[in-house]
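Below are the chains, spelled out letter by letter.
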Amino acid sequence: AEKKGRVEFRDVTFKYPGAEAPVLSNISFTAEPGKTLAIIGSTGAGKTTLVSLLPRLYDVASGDVLLDGVPVTKMDASEITSRVSAVPQKPYLFSGTIEHNLRFGKPEATDEELWDALETAQAKGFVEEKSSGLNRRIAQGGTNVSGGQRQRLSIARALVTKPNVYLFDDSFSALDVATDARLRKALKAKTRDATVIIVAQRVSTIADADEILVLDNGRIVDRGTHDELLETSPTYQEIVES
Ligand code: GTP
Ligand code: MG
């Protein structure tokens, strides 16, 4: 069967409600199942805005956002939620148990699936270290776990749903470089058939992506692989050196 999860942005321009100027202009790209697309760019470039358009946190002003050829504006919320898992830049946890948090997108998931997702997200040790395990309670706002743990639990939650498309918005920044590398290796093995879109700050996180989009001031200024961009993109070189 054909793999699902092809994402296409066609000449997308977006303005926040009430704002004067667009924060994204003429964005076009395709992300394919089995591949990793990365988005990098300075703070305020529009990365989070861009990835919020696929799960329809906002709708575009002009252009199209398509999932397997269908405009997302024609899909209902439950279809998008079951097919696209987004790990937000500021991940949220609910007050309740770890289990409750992990099952959020897929209530029928088995315990084995939960542990499998935790292992991939490098969060298994953290959950195992207390005897309460999956029943450990998360305080409101997730204040009793660290930022890095919150990120990893949020990644595990996305993995549990087994979507066609993963969106990771700066999800690896709170991790040390070694954990980041381990997590992405495990992730790669588990998301082989899915489309993976990674927003990153660190070049090391995305150097092995199939394609990298360099975003600046709401526009894609350069695109290519890491090696190509090192040769051709002054903006990319600046990010590498920063
Ligand atoms: P970092 O996460 O800091 O790396 O930035 P980013 O690349 O994710 O930028 P983001 O998409 O968050 O913001 C792009 C532009 O949109 C910036 O100028 C923001 O100030 C603006 N912006 C972001 N969110 C909102 C919003 O909810 N309303 C309005 N009016 N503007 C917003
Ligand atoms: Mg952002």
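See the structure shown above.
Caption draft 1: Expanded view of the overall build of the chain. Along the chain, the regular secondary structure elements total ten helices and twelve strands. In terms of overall dimensions, the chain is globule-like: its C-alpha atoms have a radius of gyration of 18 Å, near the 18 Å expected for 242 residues. Relative to its full complement of 242 residues, the chain shows a buried share of 48%. Put simply, of all contacts in the chain between residues at least 6 apart along the chain, 67% involve residues at least 24 apart. Here the chain has roughly 11,900 Å² of accessible surface; of this, 48% comes from carbon and sulfur atoms. Computed over 30 positive and 34 negative side-chain charges, the inter-centroid distance for the chain is 5 Å.

Caption draft 2: Spatial organisation of the coordination of the magnesium ion (ligand 2). For the magnesium ion (ligand 2), the protein coordination sphere consists of Thr48 (OG1) and Gln89 (OE1), at 2.0 to 2.3 Å. One end of the pair, Thr48, is in helix H1 (residues 47-52); the other, Gln89, is in the loop between strand S6 (84-87) and strand S7 (96-97), with 41 residues separating them in the sequence. Here Thr48 falls in the partly exposed class, since its relative accessible area comes to 35%. Classification of Gln89 as partly exposed rests on a relative accessible area of 33%.

Caption draft 3: Inspection of the site of ligand 1 at higher detail. Inspection of the region around ligand 1 gives 13 residues, with Thr43, Gly44, Lys47, Thr49 and Gln89 positioned closest. A distance of 2.7 Å is found between an oxygen atom of ligand 1 and a side-chain nitrogen or oxygen belonging to Lys47. In isolation ligand 1 exposes 660 Å². Once the protein is present, 61% of that is buried. Of the residues contributing to the shell around ligand 1, the split by class is four nonpolar, eight polar and one charged.

Caption draft 4: Quick look at the pairing of strand S4 (residues 62-67). Note: strand S1 (residues 7-14) against S4, five bridges, orientation antiparallel. Opposite Thr13, over in S4, you have Ser62 as the bridge partner. Pairing geometry for S4 and strand S5 (residues 70-71), over two bridges, is antiparallel. Within S5, the residue paired with Leu66 across the bridge is Pro71.

Caption draft 5: Spatial organisation of the pattern of salt bridges. Per the stated rule, a full pass over the model turns up 16 salt bridges. Among the salt bridges present, the one from Lys190 reaches Asp116, with a minimum N-O distance of 3.2 Å. Here the residue Lys190 occupies a position in helix H7 (residues 177-190), and Asp116 occupies one in helix H4 (residues 111-120), the gap between them amounting to 74 residues. With relative accessibility at 45%, the residue Lys190 sits in the partly exposed group. Ionic contacts of the salt-bridge type, sharing partners, join the residues Asp180, Arg184, Lys188, Arg202 and Asp208 into one network.

Caption draft 6: Inspection of the environment of Val7 at higher detail. Relative to the helices and strands, Val7 resides in strand S1. Since its relative accessible area comes to 0%, Val7 is described here as buried. Spatially, the C-alpha atoms of Val7 and Leu66 are 5.8 Å apart, while their sequence positions differ by 59 residues.

Caption draft 7: Expanded view of the packing of aromatic side chains. Counted by the stated rule, this structure contains eight aromatic pairs. Measuring from ring centre to ring centre gives 5.0 Å for Phe14 and Tyr16, while their planes differ by 80°; the resulting arrangement is edge-to-face. For Tyr16, a relative accessible area of 25% gives the class partly exposed. Look at Phe168 and Phe172: their rings are 5.4 Å apart centre to centre, the planes differ by 50°, and that puts the pair in the tilted class. Overall, Phe172 belongs to the buried group, its relative accessible area being 2%. One aromatic cluster is present, built from ring pairs that chain together Phe14, Tyr16 and Tyr58.

What counts and how
Residues numbered from 1 in each chain as written. Chains lettered and ligands numbered in written order. Predicted model: local features only at pLDDT ≥ 70, side-chain atom pairs only at ≥ 80, totals over all residues. Heavy atoms only, no water. Helix = DSSP H or I, 4+ residues; strand = E, 2+ residues; numbered from the N terminus. Rg over C-alpha atoms; globule rule 2.2 N^0.38 Å. Buried < 20%, exposed > 50% of the residue type's maximum accessible area, 1.4 Å probe, protein only. Contact = heavy atoms within 4.5 Å. Areas by Shrake-Rupley, 256 points an atom, 1.4 Å probe, with all protein chains shown as cover. Lys, Arg positive; Asp, Glu negative; His and termini not counted. Charge placed at Lys NZ, Arg CZ, Asp CG, Glu CD. Donors = N, O, S within 2.8 Å, 3.2 Å for Na, K, Ca; no water. Near = heavy atom within 4 Å. Polar contact = N/O pair within 3.5 Å; in protein donor to acceptor, adjacent residues only side chain to side chain. Nonpolar A, V, L, I, M, F, W, Y, C, P; charged D, E, K, R; others polar. Pairing = 2+ DSSP bridges. Salt bridge = Lys/Arg side-chain N within 4 Å of Asp/Glu carboxyl O. Phe/Tyr/Trp six-rings, centres within 6.5 Å; stacked < 30°, edge-to-face > 60°.

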